[in-house]
Amino acid sequence: MFHFSNIVRTKGDPKIVEGGPSLKRPADQLARALGWFSIGLGVVELLAPRRVTHTLGMEGHETLVRAFGLREIMAGIMTLSVEKNAGLWARVGGDGLDAAALLSGLTADNPKKGNIALALLMVGGIAVLDYRAAQDTKPRRPPRDARRKLYPNRSGFPKGIESARTAARQIAAHAKTHAETNEVKQGDERRVP
């Protein structure tokens, strides 16, 4: 099987023969998929707002669709970043705005009410996924009453602080002896005519 990462490997590097399972949790994979979906939807809304408004029977709202497109792109980028939880919550809020805008087009004189109803169902389904992903990716903090782990008796030195001090003294003594030996040798070299 061919792996694209083998192209950039230099001669002598091991080649990838077979990929393993993903280390990403399902919640992170869902967040990533929603981020890319958001960017794709935002690009469509930004570049083809007339087609969107025509499909929904909401002509004249192209500027709003473009603004929603920018919002989708920004939320998608944030969802793909390290701040994915903030991006997912931005998507949840955006779903509410989308639903409100769609409901405003659900009027008696709109011949494309069926398309709006379908779009509302889709927004509702995506909103459930967004909410679920936002809940599953929120930062985990210990409970307020959890005992904090304190390590006052640890120094960071595997053999203890006294062992480290002894080793430092030995190194300093060795360096001093070595420096004195070099001074003597240099002094002897200067005296030789």
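Look above for the structure.
Residues numbered from 1 in each chain as written. Predicted model: local features only at pLDDT ≥ 70, side-chain atom pairs only at ≥ 80, totals over all residues. Heavy atoms only, no water.

Novice: How do you make sense of helix α1 (residues 26–47) when you look at a structure like this?
Specialist: Along an α-helix, residues three or four positions apart point the same way, because every turn accommodates 3.6 residues. When the terminal C-alpha atoms of α1 are compared, their 32 Å separation across 22 residues agrees well with the 32 Å that a helix rising 1.5 Å per residue should span. Residues Ala27, Asp28, Ala31, Leu34, Gly35, Ser38, Ile39, Gly42 and Glu45 constitute the buried set of α1. One side of α1 carries all its buried residues, which in axial view fall inside an arc of 140°. Seen from the open side of α1, the exposed residues pointing more than 90 degrees away from its buried face are Pro26 and Leu47. Taken together, the buried residues of α1 touch α2 (49–56), α3 (62–80), α4 (84–104) and α5 (113–136). (Helix = DSSP H or I, 4+ residues; strand = E, 2+ residues; numbered from the N terminus. Expected span 1.5 Å × (residues − 1). Buried < 20%, exposed > 50% of the residue type's maximum accessible area, 1.4 Å probe, protein only. Arc of directions from axis to C-beta. Contact = heavy atoms within 4.5 Å.)

Novice: What is the right way to read empty space enclosed by the protein from this model?
Specialist: In this approach, a probe sized like a water molecule rolls over the atoms, and the result shows the empty space that is left. For the structure on display, the rule yields 1 cavity of 30 Å³ or more. Along its surface, the largest cavity is lined by Arg71, Glu72, Ala75, Ala90, Arg91, Gly94 and Asp95. Mapped onto the lining of the largest cavity, the elements with two or more residues apiece are α3 and α4. Considering only residue class, the lining of the largest cavity consists of 2 nonpolar, 1 polar and 4 charged. (1 Å grid on protein atoms, 1.4 Å probe; cavity = no way out; pocket = protein on both sides within 12 Å on 5 of 7 lines; lining within 4 Å. Points joined across faces, edges and corners; volume = space filled by probe spheres on them. Nonpolar A, V, L, I, M, F, W, Y, C, P; charged D, E, K, R; others polar.)

Novice: Which parts of the structure should I look at to understand the pattern of salt bridges?
Specialist: Side-chain pairs of opposite charge can arise where the charged atoms are in close proximity. For the structure on display, the rule yields 7 salt bridges. Residue Asp130 pairs with Arg91 through a salt bridge whose shortest N-O separation is 2.9 Å. With Asp130 in helix α5 and Arg91 in helix α4, this residue pair connects regions lying 39 residues apart in the sequence. Like Arg91, Asp130 is buried. The closest approach of N and O atoms between Glu162 and Arg165, which form a salt bridge, is 2.8 Å. Here Glu162 pairs with Arg165, and both are found in helix α6 (residues 161–191), just 3 residues apart, close to one helical turn. (Salt bridge = Lys/Arg side-chain N within 4 Å of Asp/Glu carboxyl O.)

Novice: What am I meant to see in a nonpolar patch on the surface here?
Specialist: A grouping of Leu118, Leu121 and Met122 is seen on the molecular surface, where their side chains present a nonpolar patch of about 350 Å² in accessible area. Relative to the elements of secondary structure, Met122 occurs in helix α5. (Patch = residues over 30% accessible without salt bridge, like charges linked within 9 Å, V, L, I, M, F, W, Y side chains within 5 Å. Areas by Shrake-Rupley, 256 points an atom, 1.4 Å probe, with all protein chains shown as cover.)

Novice: Help me understand the side chain of Glu62 in this model?
Specialist: Counting through the fold element by element, Glu62 comes out in helix α3. Buried within the structure, Glu62 lacks any salt-bridge partner; Arg50 is the closest side chain of opposite charge, at an N-O distance of 4.9 Å. One polar contact links the side chain of Glu62 to the main-chain amide nitrogen of Gly60, over a distance of 3.2 Å. Residues contacting Glu62, with those up to four places away along its chain left out, are Pro49, Arg50 and Thr53. (Lys, Arg positive; Asp, Glu negative; His and termini not counted. Polar contact = N/O pair within 3.5 Å; in protein donor to acceptor, adjacent residues only side chain to side chain.)

Novice: Got a minute to help me understand α4 in this structure?
Specialist: Between its terminal C-alpha atoms α4 stretches 30 Å, which fits the 30 Å expected from 21 residues at 1.5 Å a residue. Within α4 the residues assigned to the buried category are Asn85, Gly87, Leu88, Arg91, Gly94, Asp95, Asp98, Ala101 and Leu102. As for α4, its buried residues are in contact with α1, α2, α3 and α5.

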